[in-house]
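The primary structure of each chain is shown beneath.
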Amino acid sequence: MRLLEVVRGAKSSDVVIATVMKLSKTIGKVGALVGNCWAFVGNRMLDPYRNAASALLYEGASPYDVDKVLYDYGFAMGIFAVGDLAGNDIGWSIRKGRGLTDPKSRDPNERYVSSVADRLCELGRFGQKANKGWYKYAPGQRRGQPDPEVLQIIDEVTSSEGYSKT
C-alpha cells in the first residue's frame, strides 16, 4: 500500500511533521497529513465502498462475484478479500464500539448492511488468520477459495431481514 497516514497529534511539532512527510517520499509512500479522528483517511474512504459492496449481497450478488468485478476492473483485490486479509474481527470490533451491531443504537434512517459480516465473525470467520472468512483458506495459504457455507450464511441473514433474491 502506498498510502502513509501521518497523524498530527496535539503536541506534534512542525519539524516532526515535515520530517515524517519527507520520509514518506523517501520510502516511496504517499504521505497524507491527517488530524486525530475516526478512521483517518484510508478507512474513512473505504467505509462507504465496503458498505456499497455489502449492500450488493442483500440484492443477490455473491462476495466472489463482487470481488471478481473489482479485480477485473483493476483493483489489486476485492473488498471482501481485503476484509479477510485485514481481519474481519477488526471491522466487527469497530462496529460494536460504535454501537452499530445493536439495532436499538443505530440511526433508523440509515440502512445497516453489515449483519452478514457480523454473523461471519460470530462464527469465528475472521479471515486469513482463522483460515476462513468470506473465503476459506488452506493452512499457510493466502489465496482463498469461495466457500458455499458463506453463501448459505448470506441467504440466512438476508432472508431473516426480509430480503430475497427475486
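Cut-offs applied
Residues numbered from 1 in each chain as written. Predicted model: local features only at pLDDT ≥ 70, side-chain atom pairs only at ≥ 80, totals over all residues. Heavy atoms only, no water. Core = buried A, V, L, I, M, F, W, Y, C linked by side-chain atoms within 4.5 Å. Buried < 20%, exposed > 50% of the residue type's maximum accessible area, 1.4 Å probe, protein only. Helix = DSSP H or I, 4+ residues; strand = E, 2+ residues; numbered from the N terminus. Contact = heavy atoms within 4.5 Å. Salt bridge = Lys/Arg side-chain N within 4 Å of Asp/Glu carboxyl O. Patch = residues over 30% accessible without salt bridge, like charges linked within 9 Å, V, L, I, M, F, W, Y side chains within 5 Å. Areas by Shrake-Rupley, 256 points an atom, 1.4 Å probe, with all protein chains shown as cover. Pairing = 2+ DSSP bridges. Right-handed = clockwise from strand over helix to strand, strands pointing away.

## A closer look at the nonpolar core
Then comes step 1: Ranked by internal contacts, the top residues of the largest apolar core, which has 22 residues, are Ile79, Phe80, Val116, Trp134 and Tyr135.
Then comes step 2: Secondary structure elements with two or more residues in this core: helix H2 (42-58), helix H3 (63-73), helix H4 (79-86), helix H6 (115-122) and helix H7 (148-160).
Then comes step 3: Sort the elements by how many residues they give to this core and H2 lands first, with 5 residues.
Then comes step 4: Sequence-distant contacts of Tyr135, defined by excluding residues within four places in its chain, comprise Pro63, Tyr64, Asp67, Phe80, Ala81, Asp84, Arg125, Gly144, Gln145 and Pro146.

## Thoughts on the pattern of salt bridges
Once the charged atoms of two side chains with opposite charge are near each other, the side chains can pair.
Then comes step 1: Inspection of every chain in the model, using the stated rule, returns 10 salt bridges.
Then comes step 2: Taking the shortest distance from any N to any O, the salt bridge between Asp47 and Arg50 comes out at 3.9 Å. You can see Asp47 and its partner Arg50 sitting in helix H2, 3 residues apart, about one turn around the helix.
Then comes step 3: We classify Asp47 as partly exposed; its relative accessible area is 21%.
Then comes step 4: For Arg50, a relative accessible area of 28% puts it in the partly exposed group.
Then comes step 5: Here Asp118 and Arg95 are joined by a salt bridge, their closest N and O atoms 2.7 Å apart. Taken together, the residues Asp118 in helix H6 and Arg95 in helix H5 (residues 88-97) connect sequence positions 23 residues apart. For the pair shown, Asp118 and Arg95 are each scored as buried.
Then comes step 6: Connected via shared salt-bridge partners are Arg125, Asp147 and Glu149.

## Describing a nonpolar patch on the surface
Then comes step 1: There is a patch of nonpolar side chains on the surface, built from Trp38, Ile90 and Ile94 and spanning about 270 Å² of accessible area.
Then comes step 2: The residue Ile90 is located in helix H5 in this model.
Then comes step 3: Since its relative accessible area comes to 44%, Ile90 is described here as partly exposed.

## With respect to H4
Then comes step 1: Regarding H4, the residues found buried are Ile79, Phe80, Ala81, Gly83 and Asp84.
Then comes step 2: Where H4 is buried, its residues contact H2, H3, H5 and strand S3 (135-136).
Then comes step 3: Positive phi appears at Gly87, one or two residues downstream of H4, with a value of about 110°.

## Considering the pairing of strand S1 (residues 3-8)
Then comes step 1: Bridge count for S1 against strand S2 (residues 30-35) is 6 bridges, and the pairing is parallel. For Arg8, the partnering residue across the bridge sits in S2 and is Gly35.
Then comes step 2: Each parallel crossover has a hand, and for S1 linked through helix H1 (residues 14-26) to S2 it is right-handed.

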